[in-house]
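# Overview (structure and organization)
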Amino acid sequence: MTMRSLSVSMPRDLLGIEGLSAASISALLDLSETYIDTNRSLVKRRDTLSGRTVINLFFEASTRTRTSFEVAAKRLGADVINMEVAASSVKKGETLLDTAMTLNAMLPDALVVRHQDSGAVNLLAQKVNCSVINGGDGSHEHPTQALLDALTIRRRKGKLEGLLVAICGDILHSRVARSNIHLLKIMGAQVRVVGPATLMPTDIDRMGVEVHYSMRTGLKDVDIVMMLRLQTERMSGSFVPSVSEYFRFFGLDEEKMKVTRPGALIMHPGPMNRGVEIDSAVADDLQRSVIHEQVEMGVAVRMACLDALIGGRRNALPGAA
Amino acid sequence: MANASDGRPVAYINARLIDPSADTDQRGAVLTGDGKILDYGANLFSGGAPYGIATVDCRGHCLAPGIVDLRVHTGEPGEEHKETFDTAGRAAAAGGVTSMCILPDTEPPFDDASLIEFVARRARQVQRTKMYAYGALTLGLKGEQLSEIGLISEAGAVAFTDGDRPIASAQLMRRALYYAKTFDALIVQVPQEPSLSTGAMNSGELATRLGLGGNHKLAEAIQLERDIRLVEMTGGRYHASKISTAEGVDIVRRAKARGLKVTCDTAPHYFALNEIAVGDYRTFAKVVPPLRAESDRLAVVEGVSDGTIDCIVSDHRPQDVESKRVPFALAEPGVVGLETLLPIALELYHNGQMTLPRIWQRLTTTPSRLFKLPGGRLEKGAPADLVLFDPDIAWVIDPDKFESKTGNTAFDERPTQGRALMTVLDGRVIHRDSSLWPETVAA
C-alpha cells in the first residue's frame, strides 16, 4: 500500500496525536496493517522510500525507538543516518537549532527527533523544510508509541471504540500517557489514569480521563492495562517513598489483575522495571501480555508514518509512477 | 516645536487634561517653565493662547503626567547586547515613560553603593528618561546576607529587592523588614514560594497537555501570606510585585483592610493575557510569574480597578533571540514592555473597566508616592514630566518598530488603541511621534 491508499491527507509533520482526526489515525493504522504482512514475509524490503534520506536525530538516548525507526526506514528502502547527540553537549538550546539547520542544508526528507525538552521538536519543525516526526519530546508526546499501542489493541480486540483502558504509573512525566490519552479519546475509548497523586499531572481530568489513586478501583473491569515505566531516580524522596512501597500499591501483579475484565490485555512501552511497576509473572504471561507484539507493531507503524509523510509526497510528484 | 530646554515658558493649551491626583478628566492647559509645572488647570488660558509664550496646541488630545515605571530591567551593565540605558531610555520616551526604576539583577548586581551611583551617572550621560536604581536586598542576590541597606539608600536607591528572585528564607525576610525600618526603606518582593515555582508555565490543564512543568498559583499565595505575617510582626514597608493570581489579589486586599503597610503592582500581561498565550510553546509569552488562568486575569483586572493593586508596571525585560528561540523550558523569561505599557493599560479604559484618571493613578501618582519620586503628578513646582497621547488612535503592535533593542513582546500583532504623541521631560521634548504629531506652532 502506498500513500495513495490513504483516504485522508496527512500533515507534513507528525509532532503529536493531539489535533489528528479519527480518520487520519484509522488511515495510519490501516496502512500499518499492510506493513505487518511485509515484515512477516521472507523478503521484507520495499522500495517505497528508495532514494529518500531519513535522519534519526536523538538528543536523548533510546536504543529501542531509534532502532525501530531505523529498521522501518531501511525496510522501505530509505537511506538512514543515525545521529545521537549527547545531552551534555547540548547545554544551550541554540545548539538544537544549529544542528537542525545544518542537517536541513543536507536536504533530508525526514527527521525523526527525540529530545528531552517538551516542545523542542515543534520548535525544530518550524526551522526545517523536511518532514519531522516526533520520536518523543520531554513529557509532551510520543505519537508513534500511541499509534503502535492502538494497532496492537485493535488487532487483539478488533476495535478501539468503547474499550475501557487504564494507563498506570508515572503519568506526570510520561509522554506515552499523553499521546495515548489523546489517541484513545479521539477513537472513542474510555480512559482511566491510575497512580499515586504525586505522579499525577494537575487537571489531568480535564483531558477527559477518570483519575484513580488506587489500582483496585482503577483496574476494575478494564479491557486494557497500560503500565508505564517508572524511572528509578524518581523513586526516592518527593514522589514516592520507596521501590517496595511503590510495587506494593502500584506495581501490576496477578492479584491486581483479578479485577480486570476477562481477557484484559497487559501492555508496557518498555523497557520494563521488573519488580518495580510490573511483576515478571504478568509481564511474561503470553495469554495476556502483548509487550513483544507492541515492539513488532512499532516497526509497522513507523513504516506507515514514513510512507504517509514522505512516500506519499514522492508519489504525488508529477511524472511519478 | 516648542522646546523649553532653555527653561522658557511653554503653554500646552487645548488639552484634555488628565489629573490623577484630583481624579479629573477635563479640558484645560499646563504652563511649564524652568523644567517645572508653573500652573495648570481647567480655567488656565481659557481665553486663548497667551501672547508671546511658546504654545503647543494639544488639539484636544490627552495631556497627563509622564508614566513612572517601577519595574525595568536593563541589560546594562553586563548584557548590553540586550539593552542599554540609551535604548531603554529611547523605548521609555516612546512609550510615554518619564521615570523608571531599574532592577538590580544586572551583572554585577546593584549590591553596592557605587553601582547606584553608576546608574545615576549613566542616566545623566544619556539624558533620557529619569532613571533610578533599586538596591539589591542581599549580597550578590544570593538570598543569604543583607546588603548595606543604609549606605545604598544614601547613594540613592529607591527600594530594595532581589529582582525576580524571591527571598526564600523567612528569617532573612524578617530581618530585612526590621532592618530596613531604620532607613524607612521599602522592601519589594516578587512573591513566589521558590520550591513551588520551578515550572516553566502556569500549572494546570494546558501545562499538562504541553508536558511542561507547572508553577502552581499557590506559590504566590503562600509567599504572600508568609511575607504579610512578617510585615505584621515587624511593621516594615513591603511591596509585592507582579501580582498574577486571584488569591494574591484577595490576600493583599485583606492585608490592606487590616491596615498593614502592604502595597503591590502588576504588569499589563497579567491583566491583558492568560496562559493560552503560551499556545504552541510560544517563548515570548514566558514570564515570571507565568501567565495564569482566565479567572486570575479577571481578578487582576478587578484588583487594578478597585485599587487593591496600587501600580501598573511594564516589567520590561529584554531578551535576545538566542535566549528565546530555544525549547520553552530553557527559554529566558520576560517581555519588553516600555512601549506597550500605555496602550495595553488603556485597554482597561476602552473596556469600560477604569477611567483615565484612575489608570493614571496606577501609572504615575501612586508609584511616584510609594517610591518617593519627584515626578508623576500635576502640581505647581513639580517636574514638567508630561505625556501627550491620543487614547483612541488604532494601531497594531509591531516589535520591528520598537526603540527597544529587542522585540520579545507577548503582544506582537495585537490590535490596540492609544499611543504617545509626545513625551516631555523637565519641560524638554524627549520624544515626538512625527508620523502622528507633526511640528506645531511655537510662538
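Our subject in this report is the structure included herewith. (Residues numbered from 1 in each chain as written. Chains lettered and ligands numbered in written order. Predicted model: local features only at pLDDT ≥ 70, side-chain atom pairs only at ≥ 80, totals over all residues. Heavy atoms only, no water.)

## Brief notes about the side chain of Arg292 of chain B
All names here are of chain B.
- One can find Arg292 in the loop between α8 (268-272) and α9 (294-306).
- Among buried charged residues, Arg292 stands out as having no salt bridge; its nearest opposite-charge side chain is Glu220, 5.0 Å away.
- Here Asn202 takes part through its side chain, which lies 2.8 Å from a polar atom of the side chain of Arg292.
- With residues up to four places along the chain from it excluded, the contact list for Arg292 reads Gln192, Asn202, Asn215, His216, Lys217, Ser244, Thr245, Asn274 and Glu275. (Helix = DSSP H or I, 4+ residues; strand = E, 2+ residues; numbered from the N terminus. Buried < 20%, exposed > 50% of the residue type's maximum accessible area, 1.4 Å probe, protein only. Lys, Arg positive; Asp, Glu negative; His and termini not counted. Salt bridge = Lys/Arg side-chain N within 4 Å of Asp/Glu carboxyl O. Polar contact = N/O pair within 3.5 Å; in protein donor to acceptor, adjacent residues only side chain to side chain. Contact = heavy atoms within 4.5 Å.)

## Points about the pattern of salt bridges
- All chains considered together, the criterion is met by 51 salt bridges over all chains.
- Two residues, Asp23 of chain B and Arg358 of chain B, come together in a salt bridge whose shortest N-O distance is 2.8 Å. Linking Asp23 of chain B in the loop between β1 (10-19) and β2 (24-33) with Arg358 of chain B in helix α12 (residues 356-370), this pair joins segments that are 335 residues apart in sequence.
- Asp23 of chain B sits in the partly exposed class, given a relative accessible area of 32%.
- Judged by relative accessible area, which is 36%, Arg358 of chain B ranks as partly exposed.
- We note a salt bridge from Asp86 of chain B to Arg128 of chain B, for which the minimum N-O separation is 2.9 Å. On the criterion of sequence distance, the pair formed by Asp86 of chain B in helix α1 (residues 85-94) and Arg128 of chain B in the loop between α2 (113-126) and β8 (130-133) is long-range, its members being 42 residues apart.
- What makes Arg128 of chain B partly exposed here is its relative accessible area of 23%.
- Among the charged side chains, a network of salt bridges with common partners joins Glu18, Asp203 and Arg206 of chain A together with Glu205 and Arg209 of chain B.

## Let's talk about the packing of helix α1 (residues 22-40) of chain A against helix α5 (residues 143-157) of chain A
Residues and elements named next belong to chain A.
- Interaxial distance between α1 and α5 falls to 10 Å at its minimum, and their mutual angle equals 75 degrees. Compared by their axis directions, α1 and α5 come out roughly perpendicular. In contact with Ile25, Ser26, Leu28, Leu29, Asp30, Ser32, Glu33, Ile36 and Arg40 of α1, α5 contributes Leu147, Ala150, Leu151, Arg154 and Arg155. (Axes fitted to C-alpha atoms, helices over the stretch in contact; angles between N-to-C directions. Parallel < 35°, antiparallel > 145°, perpendicular 65-115°, else oblique.)

## Considering the pairing of strand β4 (residues 131-137) of chain A
Residues and elements named next belong to chain A.
- By the criterion of burial, β4 is predominantly enclosed, with 7 of the 7 residues buried.
- Bridge analysis of strand β3 (residues 110-115) against β4 gives 5 bridges, and the strand direction is parallel. In the sheet register, His115 faces β4, and the bridge partner there is Asp137. (Pairing = 2+ DSSP bridges.)

## Quick word on the interface of chain A and chain B
- Opposite the 25 residues of chain A that make contact, chain B presents 17 residues.
- Contact with chain B buries area across many residues of chain A, yet Asp117, Ser118 and Thr202 of chain A alone supply 24% of it, more than any other trio.
- Linking chain A with chain B are 2 salt bridges.
- Between Glu205 of chain B and Arg206 of chain A there is a salt bridge, with the nearest N and O atoms lying 3.2 Å from each other.
- Here chain A is connected to chain B by 9 residue pairs in polar contact (both at pLDDT 80 or more).
- Sorting the residues of the side of chain A that touches chain B by element identifies α3 (94-105), α4 (120-125) and α6 (175-186) of chain A as the ones contributing at least two each.
- Residues of the side of chain A that touches chain B, tallied by class, amount to 7 nonpolar, 10 polar and 8 charged. (Buried area = accessible area lost by both parts, 1.4 Å probe. Nonpolar A, V, L, I, M, F, W, Y, C, P; charged D, E, K, R; others polar.)

## Thoughts on empty space enclosed by the protein
Residues and elements named next belong to chain B.
- In total, this model carries 1 cavity of 30 Å³ or more according to the counting rule given.
- Estimates place the volume of the largest cavity at around 30 Å³.
- Around the largest cavity, the lining residues are Pro268, His269, Ser314, Val335, Val336, Gly337, Thr340, Leu341 and Phe411. (1 Å grid on protein atoms, 1.4 Å probe; cavity = no way out; pocket = protein on both sides within 12 Å on 5 of 7 lines; lining within 4 Å. Points joined across faces, edges and corners; volume = space filled by probe spheres on them.)

## Observations concerning the sheet that holds β3 of chain A
All names here are of chain A.
- In spatial order, the strands read β2-β1-β3-β4; together these 4 strands make up an open sheet with parallel pairing. The open sheet is flanked by β2 (79-84) and β4, the only strands paired with a single partner. Here the average twist between neighbouring strands, direction ignored, is 15 degrees.
- The pairing of strand β1 (residues 53-58) with β2 spans 6 bridges and is parallel. By the bridge assignment, Ile55 is partnered in β2 with Ile81.

## Points about the nonpolar core
- In terms of nonpolar packing, the biggest core is built from 109 residues, with Phe271, Trp360 and Phe371 of chain B touching the most fellow members.
- When residues no more than four places from it in sequence are discounted, the contact partners of Phe271 of chain B are Thr266, Arg297, Val300, Val301, Val304, Ile312, Ile344, Ala345 and Leu348 of chain B.
- Listed in part, the 63 residues of the second largest apolar core include Leu28, Leu183, Val193 and Ala300 of chain A. (Core = buried A, V, L, I, M, F, W, Y, C linked by side-chain atoms within 4.5 Å.)

## Quick word on the pairing of β1 of chain B
All names here are of chain B.
- The buried fraction of β1 amounts to 8 of the 10 residues, a majority that puts the element mostly inside the structure.
- Pairing between β1 and strand β4 (residues 54-57): 4 bridges, direction parallel. When the bridges of β4 are listed, Ile13 appears paired with Asp57.
- The sheet contact formed by β1 and β2 spans 8 bridges and is antiparallel. Along β2, the bridge assignment pairs Ile18 with Asp25.
- Hairpin remark: β1 followed by β2, antiparallel, with 4 residues in the connecting loop; positive phi at Asp23, about 60 degrees.

## Some words on α6 of chain A
Residue and element names in this part refer to chain A.
- With 12 residues, α6 should cover 16 Å at 1.5 Å per step; its first-to-last C-alpha distance of 17 Å lies within 8% of that length.
- Counting buried positions along α6 gives 10 out of 12 residues, so the element sits mostly inside the fold.
- All of the buried residues along α6 are Arg175, Val176, Ala177, Arg178, Ser179, Asn180, Ile181, His182, Leu183 and Leu184.
- Its side-chain oxygen 3.2 Å from the backbone nitrogen of Val176, Ser174 forms the N-cap of α6.
- Positive backbone phi, approximately 90 degrees, marks Gly188, located one or two places after α6. (Expected span 1.5 Å × (residues − 1).)

## Concerning unusual backbone geometry
Residue and element names in this part refer to chain B.
- Between Glu76 and the following residue, Pro77, the backbone shows a cis peptide bond with an omega angle of -5 degrees.
- Summarising the element assignment, Pro77 is placed in the loop between β6 (67-72) and α1.
- Between Val288 and the following residue, Pro289, the backbone shows a cis peptide bond with an omega angle of -10 degrees.
- Although it is not a glycine, Arg59 adopts a positive phi angle of roughly 55 degrees.
- Checked against the element boundaries, Arg59 lands in the loop between β4 and β5 (62-65).

## Details of the environment of Glu210 of chain A
Residues and elements named next belong to chain A.
- Position of Glu210 among the secondary structure elements: in strand β7 (residues 210-212).
- Excluding residues within four positions of it along the chain, Glu210 makes contact with Val191, Arg192 and Val193.
- Separated by 2.7 Å, the side chains of Glu210 and His212 make a polar contact.

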